[in-house]
Amino acid sequence: MPAPTQRLRVALQANQTSLVLESSDGQLPAVVHWGAPIGPLSADDIDQLITAQQHGRIHNGLPDEGYRLSVLPEQWTGWHGHPGLSGSRQGRDWAPRFQLTSVEVDGNLVSDLHTGSSGTSTWRASAPECGLELEMVIELTDQGLVRTRATLTNIGEDGYQLEQLLLALPVPTRATEVLDFAGRWGKERVPQRTTLPVGTHWREGRHGRTGADSAHVLHLGEAGFDFATGEVWSIHTAWSGNHVHYAEKTLTGDQVIGGGELLLPGEMVLDHGEAYTSPWIVLAHGTGLDQIAHAHHDFLRATHPVDAQRPVTLNVWEAVYFDHDADRLRNLAHLAHDVGIERFVLDDGWFGSRRDDHSGLGDWVVSPDVWPDGLHPLVDEVTGLGMQFGLWFEPEMVNPDSDLAREHPEWVFQVPGRMPLTARHQWVLNIGIPEAYAHVRDQMMAMLDEYRISYIKWDHNRDLLDPGTHPGGRPGVHAQTEAFYRLVDELKAAHPGLEIESCSSGGARIDLEVMQHCDRVWVSDNIDPTDRQQMMRWTTQLLPPEMLGSHIASGASHTTGRHHDISYRAATAVFGHLGVEWDLAKASDEEIGQLRAWIAWYKQNRALLNGGQLVRVDLPQQPSAFLHGVTTPERAVFAFTLLEMPGTWNIGNIQLPGLEPDARYRVEHLGLTVGDREEPTPLELTGRQLATVGLRAPAILPERTRIITAERL
């Protein structure tokens, strides 16, 4: 154990972010600085910074010696805000005082000072009088993200009921404005802003999944921060179950952002020797929202990359729904192949008694009524055309009207004495029960073993209500979430190359942890391009474009009823992993021709669209106009969209940032886009001129998009 007066210091810097931690007198680590780089640091420099920020005697009622905030906030140190750890042994051992036992950085013990670039620090501590041990991991990634999580171990003789384990980092008080997100089915990632008062801005997700109304990424920044300006700090809880994000300002003027898993009553009771590990909490700092987004994108591209040459996908849901007519689907496969589509995904309705959404979930066996010869004729037709074949599953769900529910009602999430309410005519299957897990795994494995399936669309269409485990009813959301991750990993390990999409009533399971297991997300069940403009814009705050399923739907949106021309639908969809959700047999010859042209253009540009750096531009002169793009030093593609008629004939100049300042570029408007005016003459300008002066905004009608390209000369 460190000597009582010993001070340990860890200073890390990566990608324009500095993180400085310290521990005095064996206490848990506190943050000296997290934010912009502050240069090389000696031990004395860090000590001077600590002294400069020390709290003197403030007022009666507060500790005489000031107070201290660690990454796991502790109230015994005088902290008045939300505590990091809550739990007890039936009212005992609820206020531990942890003392450090060791500190390591990248496996090397630290006795005084460690400075360096990105790295992982591990802080171990013990509170023997309360029978608890703690390990905290705090790392700075190469991309400038701070990731932290904690493991609590019960070394006491009787059970310890853990109620909450939240981690938090301080944010300077010049950050006064909160930006996070709300939403619902069909309208995910709706931004909302507020000023942080004294108190707590608290966001919970109690859906048993990430949730359509998830905070997504919670930001605390300087007033008026936007995509390019203003200092911003952010937090994301990387967990697909119940979770918390919060921002808090205390009566002392200090403020933090924090998060973790939301545990239900009695869900986490640790017996002797058992441990709980919290989810990763992922924090970022930058100037403007785009810098925050880039750190997330770069991290995912480094830790779970997907091929930028992603196959163009046809999903048949909005084409046929439950009408699985083999001849119609084979014809649809040929039409898809003819326009350049490379993957064919058969959606809901191929299994059991699943002729509508009232029955069959849980019986993952091909329906002999619909497919008397199995799926082989369709799979052979699709793969014979050179396309990949994908299949829809909803593994964590069961209809009451299913063989599985009739045979094993005890596998349904439930509390004693009642079955849960149905939603979408279904219950949730508790795959935290080993036998239920094995049943689902074996049925899915059998399908993957028999058929050439390259892709799974993995759906999850309802929240978890009464998520109790039979027979006692103990909550099981945590175990369910871990079982989901384990099942995905097991299927992929047994079938190398298999891709899995996280779909959950559309976009209700989107977080950084699910993307360590899956390969793309379904942004929303709503493919209306006007709504998708907003949803794609803000989902990219966390995930890069190549991980966002983005489809061209039919002219009349199945979700909103609005009608849009194919150019607007396609110009919206190409800024993601492109697909089609449309009965191509009902498309006109002109529409088929335009669709073929858009797919060909996407294939020519998908390395850029799925691998470039995101750029989003604020247009305060017209909030209903969107401007965004992807850039590399050599090329860029931008999209200018007008959602409603402006009050002036033109909104003025728009800037195109993100290019090499002194390089010259040829700038053109894409001819594939159906415009309302004659195409402008190509221009030759430098990256600096495009970012500073820009060019006149295209004159287009509402609900239209103009694609603008820049090619380095």
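Scroll up to find the structure.
Residues numbered from 1 in each chain as written. Predicted model: local features only at pLDDT ≥ 70, side-chain atom pairs only at ≥ 80, totals over all residues. Heavy atoms only, no water.

Chemist: Please provide a residue-by-residue account of the overall build of the protein chain, values included.
Modeler: Scanning the protein chain from N- to C-terminus turns up 12 helices and 41 strands. When the backbone C-alpha atoms are referred to their principal axes, the protein chain occupies close to 80 × 70 × 45 Å. Relative to its full complement of 713 residues, the protein chain shows a buried share of 61%. The long-range share in the protein chain, meaning contacts at least 24 apart out of those at least 6 apart in sequence, stands at 71%. When the accessible surface of the protein chain is summed, it comes to about 26200 Å², and 50% of that surface belongs to carbon and sulfur atoms. (Helix = DSSP H or I, 4+ residues; strand = E, 2+ residues; numbered from the N terminus. Buried < 20%, exposed > 50% of the residue type's maximum accessible area, 1.4 Å probe, protein only. Contact = heavy atoms within 4.5 Å. Areas by Shrake-Rupley, 256 points an atom, 1.4 Å probe, with all protein chains shown as cover.)

Chemist: Outline the sheet that holds strand β22 (residues 313-315), supporting the account with residue identities and numerical values.
Modeler: Read around the closed barrel, the 8 strands follow the order β22-β23-β24-β27-β30-β31-β32-β33; overall the barrel is parallel. In this sheet, neighbouring strand axes are inclined to one another by 30 degrees on average, regardless of whether the strands run parallel or antiparallel. The pairing of strand β31 (residues 520-522) with strand β32 (residues 548-553) spans 2 bridges and is classified as parallel. Bridging across to β32, Trp522 finds its partner in Gly549. On top of the sheet, helix α5 (residues 376-384) reaches β23 (343-346) and β24 (388-393); it is set at about 140 degrees to β24, its chief contact. Strand contacts of helix α11 (residues 589-609): β32 and β33 (577-581), with the helix running at about 160 degrees to β33, the strand carrying the most contacts. (Pairing = 2+ DSSP bridges. Axes fitted to C-alpha atoms, helices over the stretch in contact; angles between N-to-C directions.)

Chemist: Tell me about the pattern of salt bridges, residues and numbers included.
Modeler: On inspection of all chains with the given rule, the structure shows 46 salt bridges. Measuring nitrogen to oxygen at the nearest pair gives 3.5 Å for the salt bridge that ties Arg343 to Glu499. Separated by 156 residues along the polypeptide, Arg343 in strand β23 and Glu499 in strand β30 (residues 499-502) bring together distant segments of the chain. Residue classification places Arg343 among the buried residues on the basis of a relative accessible area of 1%. Of the charged contacts, one joins Glu668 and Arg666 as a salt bridge, the two residues approaching to 3.5 Å between their closest N and O atoms. (Salt bridge = Lys/Arg side-chain N within 4 Å of Asp/Glu carboxyl O.)

Chemist: Outline the sheet that holds strand β7 (residues 113-116), supporting the account with residue identities and numerical values.
Modeler: If you walk across this open sheet you meet the 4 strands as β3-β2-β1-β7, and the pairing is mixed. The sheet is open, and its two borders are formed by β3 (30-35) and β7, each paired with just one other strand. Looking at each pair of strands side by side, their axes are set apart by 5 degrees on average, direction ignored. Relative to β7, strand β1 (residues 7-14) is paired through 4 bridges, and the arrangement is parallel. When the bridges of β7 are listed, Val10 appears paired with His114.

Chemist: If you had to explain the pairing of strand β38 (residues 664-669) to someone new, which residues and values would you point to?
Modeler: Alternating residues of β38 divide into Tyr665, Val667 and His669, all buried, and Arg664, Arg666 and Glu668, none buried. As judged from the 4 bridges shared by β38 and strand β39 (residues 683-686), these two strands associate in the antiparallel manner. Its bridge partner lying in β39, Val667 is registered against Leu683. With 5 bridges connecting them, β38 and strand β41 (residues 704-712) associate as antiparallel partners. Looking at β41, one finds that Tyr665 is bridged to Arg712.

Chemist: If you had to explain the pairing of strand β21 (residues 280-287) to someone new, which residues and values would you point to?
Modeler: Most of β21 is tucked away: 7 of the 8 residues are buried. By the bridge criterion, 3 bridges tie strand β10 (residues 146-154) to β21 in an arrangement that is antiparallel. Across the sheet, Thr148 pairs through a bridge with Ile281, a residue of β21. One ladder, built from 8 bridges, connects strand β16 (residues 231-238) with β21; its direction is antiparallel. Its bridge partner lying in β21, Ala238 is registered against Trp280.

Chemist: Give me the lowdown on unusual backbone geometry, citing residues and values where you can.
Modeler: The peptide bond linking His470 to Pro471 adopts the cis configuration, its omega dihedral lying at 5 degrees. Checked against the element boundaries, Pro471 lands in the loop between β28 (468-469) and β29 (474-475). Positive phi, normally seen in glycine, also occurs at Tyr321, with a value near 50 degrees. Accessibility expressed as a relative area gives 32% for Tyr321, which makes it partly exposed. Positive phi, close to 50 degrees, is recorded for Asp466, a residue that is not glycine.

Chemist: A description of the packing of helix α7 (residues 434-450) against helix α8 (residues 477-494) should follow, citing residues and the corresponding values.
Modeler: It is the contact of α7 with α8, at a shortest axis distance of 11 Å, that shows an interaxial angle of 30 degrees. It follows from the interaxial angle that α7 and α8 lie roughly parallel. Every pair of crossing elements has a handedness; the one defined by α7 and α8 is right-handed. On the side of α7, the interface is formed by Tyr437, Val440, Arg441, Met444, Met445 and Leu448, while α8 contributes Ala483, Arg486, Leu487, Glu490, Leu491 and Ala494. Here the contact of α7 with α8 is built from residues that sort into 9 nonpolar, no polar and 3 charged. (Parallel < 35°, antiparallel > 145°, perpendicular 65-115°, else oblique. Left-handed = near helix turned anticlockwise from the far one by under 90°. Nonpolar A, V, L, I, M, F, W, Y, C, P; charged D, E, K, R; others polar.)

Chemist: Can you tell me about the environment of Val415, naming the residues and giving the values?
Modeler: Looking at where Val415 falls in the secondary structure, it is placed in the loop between α6 (403-407) and β26 (427-428). Separated by 400 residues in sequence, Val415 and Asn15 place their C-alpha atoms 49 Å apart.

Chemist: Explain the side chain of Ser234 to me, using residue names and the numbers behind them.
Modeler: The residue Ser234 is located in strand β16 in this model. Look past the residues within four positions of Ser234 in its chain and what remains in contact with it is Trp34, Val217, Leu218, His219, Ile257, Val282, Leu283, Ala284, Ile292 and His296.

Chemist: Before we move on, could you go through the nonpolar core and cite the residues and values that matter?
Modeler: Counting residues in hydrophobic clusters, the biggest one holds 130 residues, and the most contacted among them are Ile341, Phe344, Leu346, Trp350, Leu375 and Leu584. In terms of residues, this core owes the most to one element, α11, which gives 8 residues. Look past the residues within four positions of Leu375 in its chain and what remains in contact with it is Leu346, Trp350, Val366, Leu391, Met447 and Tyr451. In terms of nonpolar packing, the next biggest core, distinct from the first, is built from 50 residues, Leu28, Ala127, Met136 and Ala247 among them. (Core = buried A, V, L, I, M, F, W, Y, C linked by side-chain atoms within 4.5 Å.)

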